[in-house]
Amino acid sequence: MDDRFNTIAGWVLFAGIVALGSSIVAGELFHSERPDKMGYPIAGVEQEGAGAAAAEQPIEVYLAKADPAKGQQIFNKCMACHNADKGGANQLGPNLWDVIGEPIGQGKGFAFSDALSKKGGSWNWDNLSQWLTSPRAFAPGTKMTFAGLSNPEDRANVIAFLNSHSDAPKPLPTAPAAADTGQKAADNKAGNGPNNGPQKAEKEPVLTEQKTGANPKNIGGEGAPKVAGPASVATKKP
């Protein structure tokens, strides 16, 4: 019985040694380096970081096609702290009726933070977009806890909505026309405009003795004769 057990144990040990040796040999023969970048691309799927988004344009470009109705949908998330109704009461945040053109951090009987009330100036398209992007970045120390809207189209829609809540809404910018005008101005400055090419000099008229009459002071130009003194007297060139 002991001999049989020893035989079985021996074969098991032998098999283990063979398996270990095969593993070592296979590792040496089929050794491969770890790739610098794990994974592999899948056809039709854009890799992370590829095709980076275009640089953000001025807010006026997005306002040119902003939709106040979409802005209202986004503003619904803000109604826990604000309202934009005419004569509406202040809540956790100030009433936002007629906010475009209003002094920043002033008026409406609201206790604005020093961080905002000391900014100065009035709300316009650009600084309101900056505020909606990140209140804390625009006015460090503000009491506003809203994280901000990273999408410029969302900001433009909200601004268009707020602008519509006024007795006299401001005309929204027409960015494409403004951009064209700016490009034309740049072209003209660089000398590439339609009126900046080489100009043809107007040909100077040639006056003849017959056209000038008897007064020799009127005679000039390339085709004029050499005349001195009265019209009836001509002097030959030496």
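Structure first, text after, so check above.
Residues numbered from 1 in each chain as written. Predicted model: local features only at pLDDT ≥ 70, side-chain atom pairs only at ≥ 80, totals over all residues. Heavy atoms only, no water.

**Examining helix α5 (residues 125-133)**
Inference 1: Those residues of α5 lying buried are Trp 125, Asn 127, Leu 128, Ser 129, Trp 131 and Leu 132.
Inference 2: Residues of α5 that are buried make contact with α2 (59-63), α4 (114-117), α6 (135-138) and α7 (152-164).
Inference 3: Where α5 begins, the capping side chain belongs to Asn 124, and its oxygen is found 3.1 Å from the backbone nitrogen of Asp 126. (Buried < 20%, exposed > 50% of the residue type's maximum accessible area, 1.4 Å probe, protein only. Helix = DSSP H or I, 4+ residues; strand = E, 2+ residues; numbered from the N terminus. Contact = heavy atoms within 4.5 Å. Polar contact = N/O pair within 3.5 Å; in protein donor to acceptor, adjacent residues only side chain to side chain.)

**Let's talk about the nonpolar core**
Inference 1: Grouped together as the largest cluster of nonpolar side chains are 28 residues, with contacts concentrated most on Leu 116, Trp 123, Leu 128, Trp 131, Ile 159 and Leu 162.
Inference 2: Contributions of two or more residues to this core are made by α2, α3 (68-75), α5 and α7.
Inference 3: For this core, the leading source of residues is α7, giving six residues.
Inference 4: Every residue in contact with Leu 162, bar those within four places of it in the chain, is listed here: Phe 75, Ala 84, Leu 96, Val 99 and Leu 128. (Core = buried A, V, L, I, M, F, W, Y, C linked by side-chain atoms within 4.5 Å.)

**A closer look at the packing of α3 against α7**
Inference 1: Axis separation between α3 and α7 bottoms out at 7 Å; the angle between their running directions is 100 degrees. It follows from the interaxial angle that α3 and α7 lie roughly perpendicular. The residues of α7 that touch α3, namely those facing Pro 68, Lys 70, Gly 71, Gln 72, Ile 74 and Phe 75, are Asp 154, Asn 157, Val 158, Ala 160, Phe 161, Leu 162 and Ser 164.
Inference 2: Here the residues of the contact of α3 with α7 sort into seven nonpolar, four polar and two charged. (Axes fitted to C-alpha atoms, helices over the stretch in contact; angles between N-to-C directions. Parallel < 35°, antiparallel > 145°, perpendicular 65-115°, else oblique. Nonpolar A, V, L, I, M, F, W, Y, C, P; charged D, E, K, R; others polar.)

**A closer look at the pattern of salt bridges**
Inference 1: The full count for this structure, using the stated rule, is four salt bridges.
Inference 2: Here Glu 102 ties to Lys 108 by a salt bridge, and the two come within 3.0 Å at their closest N and O atoms. (Salt bridge = Lys/Arg side-chain N within 4 Å of Asp/Glu carboxyl O.)

**Digging into the environment of Pro 140**
Inference 1: Here Pro 140 is to be found in the loop between α6 and α7.
Inference 2: Separated by 25 residues in sequence, Pro 140 and Ala 115 place their C-alpha atoms 6.3 Å apart.

**Some thoughts on the side chain of Asn 95**
Inference 1: Looking at where Asn 95 falls in the secondary structure, it is placed in the loop between α3 and α4.
Inference 2: In terms of polar contacts, Asn 95 uses its side chain to reach the backbone carbonyl oxygen of Asp 85, at 2.9 Å.
Inference 3: Filtering out sequence-adjacent residues up to four positions away, Asn 95 remains in contact with Asn 83, Ala 84, Asp 85, Gly 88, Ala 89, Asn 90 and Lys 108.

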